[in-house]
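So you can see what is in the structure, the chains are spelled out below.
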Amino acid sequence: MNDFSDLLKADNNQPARSIRIVDAQGLESWLGSQPERVRALAAAQKFRGKAHEFAILPGEEAADWSVVAGVASAAKLGPWCLARLAEALPEGAYRLAEGAAGAAMLGWLTAQYRFDRYRREENGSGARVLLTAEVAQIDAAARLAEAVALVRDLVNTPAADMGPAELEAATRKVAERFEADCKVTKGDALEHGFPMIHAVGKAADKRFAPRLIELRWGDPGHPKVAVVGKGICFDSGGLDIKPSSAMRLMKKDMGGAAHALALAQLVMGARLPVRLHPLIPAAENAVSGNAFRPGDILRSRKGLTVEIGNTDAEGRLVLGDALALAGEDKPDLIIDYATLTGAARVAVGPDLPALFANDEALAAEMDAAGTAVDDPTWRLPLWDGYAEMLKSDVADINNAGEGGFAGAITAALFLKRFVPDAVPWVHLDTFAWRPASRPGRPKGGEALGLRAAFHMLQARYGRKK
């Protein structure tokens, strides 16, 4: 568990090292104001004022030193501007020489995230504490960092220790913290009420039995917001089994569920005036004698029949049942997260969640929110012309598109069939993984599109913190 509560503190003139912020445009002016020994030491450390560069500078006394840090723009700090410092500086207290950290508080915190459940750090460093006069922003920054860490922790945990039962336990923990109601449907009730979730998960060992996990929080009179997250805790591909190279990272196939739970935590922590309904269909897509087969026809909660063209297109099946339930409440909007298609990664790479929406205003709100908080998404078309790729000769719809074209779009179109036409809906096909480290963002599980959705909800429902 990562505790960020003591990494940001009110600045009451405690002893602390000073951090001077400089960008490439202001470097020459700053160097010109420094004594020769400072210029020489900055040059020796090859400091050029570029983003994520820093140099240690001498003070007047033998033990005194300060830091100069390069950023893209000294006028406006982004979330990751101070992250490299928080990773690399010695433990201790620091403050900016002038200006406010603002959004950069987040990177200061997330840079100190550690996933150490399975190993012991031999020479782990102590905390780097940032002192700030922006006292009112400390709690909000810590809540954001905690939500990011929750996604990372859940995704990084191996499938043997993060099955449907453990995902349920993590959800109950969040529910208890915010006094939310938690309901879990499994066994016979799951088979009858959510047949596609049951079909996907029935081949797993009973310890990894499938279930639908729901939370309810907030005043029933407030606008209803449903958040759905794909919770495939491990995906073998089923009988259409994946090659080993594609299976290696399938512990992260519950990344959508991790995002949904983290977004719920943010909404409840900020006490937004909404009636929140998070739904997590949790299952393992395993192989055994009772696994669902290519060619099977499943009946969904909505009543649509689904021909199985590929058992490795299972995420859209569990989401279909969950989205159907979400729509029965006639919510104000539905958000879903899913590590759904490799096609989305081919289209937009690992950093950008592909965004689909049935509502232009909602899509514009998400785009603006992602830009505002540096958590971008990229909209792809919900192109109805491709719906014919999902046609079936024997059922209402096929779960796998023909020909391999537009895989992310056809997956989104499949989900659209389970969402009421009148309900604004946004679908985020996210990777939930960072293949290479960046400042404040280590390799491994990652929250992508989480802060964008939260900012959108804050803007829409009018309680910004």
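Everything below is about the structure printed above this text.
As a starting point, this report considers the structure included with it.

Cut-offs used in this document
- Residues numbered from 1 in each chain as written.
- Predicted model: local features only at pLDDT ≥ 70, side-chain atom pairs only at ≥ 80, totals over all residues.
- Heavy atoms only, no water.
- Helix = DSSP H or I, 4+ residues; strand = E, 2+ residues; numbered from the N terminus.
- Buried < 20%, exposed > 50% of the residue type's maximum accessible area, 1.4 Å probe, protein only.
- Contact = heavy atoms within 4.5 Å.
- Areas by Shrake-Rupley, 256 points an atom, 1.4 Å probe, with all protein chains shown as cover.
- Lys, Arg positive; Asp, Glu negative; His and termini not counted.
- Charge placed at Lys NZ, Arg CZ, Asp CG, Glu CD.
- Core = buried A, V, L, I, M, F, W, Y, C linked by side-chain atoms within 4.5 Å.
- Salt bridge = Lys/Arg side-chain N within 4 Å of Asp/Glu carboxyl O.
- Polar contact = N/O pair within 3.5 Å; in protein donor to acceptor, adjacent residues only side chain to side chain.
- Phe/Tyr/Trp six-rings, centres within 6.5 Å; stacked < 30°, edge-to-face > 60°.
- Pairing = 2+ DSSP bridges.
- Axes fitted to C-alpha atoms, helices over the stretch in contact; angles between N-to-C directions.
- Parallel < 35°, antiparallel > 145°, perpendicular 65-115°, else oblique.
- Nonpolar A, V, L, I, M, F, W, Y, C, P; charged D, E, K, R; others polar.
- Left-handed = near helix turned anticlockwise from the far one by under 90°.
- Expected span 1.5 Å × (residues − 1).
- Arc of directions from axis to C-beta.

1. With respect to the overall build of the chain
Within the chain, the secondary structure is distributed over 15 helices and 20 strands. Counting only C-alpha atoms and orienting by the principal axes, one finds that the chain spans roughly 80 × 50 × 40 Å. Here the chain, with 465 residues, has 55% of them falling under the buried criterion. A separation of at least 24 residues holds for 77% of the contacts in the chain among residues at least 6 apart in sequence. Working note: accessible area of the chain is about 20,000 Å², and carbon and sulfur atoms make up 50% of it. Averaged over its 56 positive side-chain charges, the chain has a centre that lies 2 Å from the centre of its 59 negative ones.

2. Brief notes about unusual backbone geometry
Keep in mind that most residues, glycine aside, have a negative phi and that most peptide bonds are trans. Located in the positive-phi region is Glu179, a residue other than glycine, with phi close to 55°. Position of Glu179 relative to the elements: it lies in the loop between helix 6 (164–178) and strand 7 (181–185). A positive phi angle is found at Asp374, which is not glycine, with a value near 55°. Among the secondary structure elements, Asp374 is positioned in the loop between helix 13 (360–372) and strand 16 (378–379).

3. Notes on the nonpolar core
Most often, soluble globular proteins have nonpolar side chains that are buried together. With 58 residues, the main nonpolar core has Leu263, Val267, Met268, Leu276, Leu450 and Leu457 as its most contacted residues. If you tally residues by element for this core, the top one is helix 10 (residues 255–270), at 11 residues. Leu276 has contacts with Leu215, Arg216, Trp217, Val225, Val227, Ala264, Val267 and Met268, leaving out every residue within four places of it along the chain. With 46 residues, the next largest nonpolar core counts Ala199, Ala226, Ile334 and Val419 among its residues.

4. Focus: the pattern of salt bridges
Summed over all chains, the structure comprises 26 salt bridges. In this structure, Glu60 and Arg37 form a salt bridge, with 3.4 Å as the shortest nitrogen-oxygen distance. With Glu60 in the loop between strand 3 (54–58) and strand 4 (65–71) and Arg37 in helix 2 (residues 36–44), this pair connects stretches of sequence that are 23 residues apart. Note on Glu60: relative accessible area 72%, which makes it exposed. With a closest N to O distance of 3.5 Å, Asp351 and Arg434 form a salt bridge. Pair noted here: Asp351 is in the loop between helix 12 (342–348) and strand 15 (354–357) and Arg434 is in strand 19 (residues 433–434), with a separation of 83 residues, a long-range link. When its relative accessible area of 6% is taken as the criterion, Arg434 is described as buried. Here the salt bridges do not stand alone but share partners, grouping Arg152, Asp351, Arg434, Arg438 and Glu446 into one network.

5. What to know about the side chain of Thr311
With respect to the secondary-structure elements, Thr311 resides in the loop between strand 13 (305–307) and helix 11 (315–328). Here the side chain of Thr311 touches Gly237 through a polar contact of 2.7 Å, landing on its backbone oxygen. If we ignore the near neighbours within four places in the chain, the residues touching Thr311 are Gly237, Gly238, Leu239, Asp240, Asn285, Phe292, Arg293 and Pro294.

6. Some words on the packing of aromatic side chains
In total, this model carries 5 aromatic pairs according to the counting rule given. Relative to Tyr94, the ring of Trp65 has its centre 6.3 Å away and its plane inclined at 55°; by these criteria the two rings are tilted. Residue Trp65 is located in strand 4, and its partner Tyr94 is located in strand 5 (residues 92–96); the two are separated by 29 residues in the primary sequence. Given the relative accessible area of 23%, Trp65 is considered partly exposed. By relative accessible area, which is 1% here, Tyr94 ends up buried. An aromatic cluster is built from Trp65, Tyr94 and Trp108, whose rings are joined through pairwise contacts.

7. Structural notes on the sheet that holds strand 6 (residues 128–132)
Pairing in this open sheet of 6 strands is mixed, and the strands run 1-6-5-2-4-3 from one edge to the other. The outermost strands of the open sheet, each flanked by one partner alone, are strand 1 (8–10) and strand 3. Adjacent strand axes in the sheet meet at a mean angle of 35°, parallel and antiparallel pairs treated alike.

8. So, the packing of helix 6 against helix 10
Axis separation between helix 6 and helix 10 bottoms out at 10 Å; the angle between their running directions is 5°. In this view, helix 6 runs roughly parallel relative to helix 10, as classed from their interaxial angle. Each of Leu167, Ala170, Thr171, Val174, Arg177 and Phe178 in helix 6 lies in contact with helix 10, whose residues at this interface are Ala257, Leu261, Gln265, Met268 and Gly269. Among the residues forming the contact of helix 6 with helix 10, the class breakdown is 7 nonpolar, 3 polar and 1 charged.

9. Let's talk about the packing of helix 13 against helix 15 (residues 450–461)
One way to put it is that helix 13 packs onto helix 15 with a least axis distance of 8 Å and a crossing angle of 115°. Classified by the angle between their axes, helix 13 and helix 15 sit roughly perpendicular to one another. Where helix 13 crosses over helix 15, the handedness of that crossing is right-handed. Counting all contacts with helix 13, which are made through Leu362, Glu365, Met366, Ala369, Gly370 and Ala372, the residues of helix 15 involved are Ala452, Ala453, His455, Met456 and Arg460. Of the residues in the contact of helix 13 with helix 15, the class split is 7 nonpolar, 2 polar and 2 charged.

10. Details of helix 13
Over its 13 residues, helix 13 extends 18 Å from the first C-alpha to the last, a length consistent with the 18 Å expected when each residue adds 1.5 Å. Buried within helix 13 are the following residues: Leu362, Ala363, Met366, Ala369 and Gly370. Looking straight down helix 13, one finds that the buried residues subtend no more than 130° of arc, so they occupy a single side. Facing away from the buried surface of helix 13 by more than 90 degrees, the exposed residues are Glu360, Thr371 and Ala372. As for helix 13, its buried residues are in contact with strand 15, strand 16, strand 18 (425–429) and helix 15.

11. Examining the pairing of strand 5
Two strands pair when backbone bridges link them, and strand 2 (residues 17–23) and strand 5 are joined in this way by 3 bridges, in the parallel orientation. Opposite Arg17, over in strand 5, you have Tyr94 as the bridge partner. Sheet topology note: the strand 5/strand 6 ladder contains 4 bridges and is parallel. Paired with Ala93 across the strands is Val129, a residue of strand 6.

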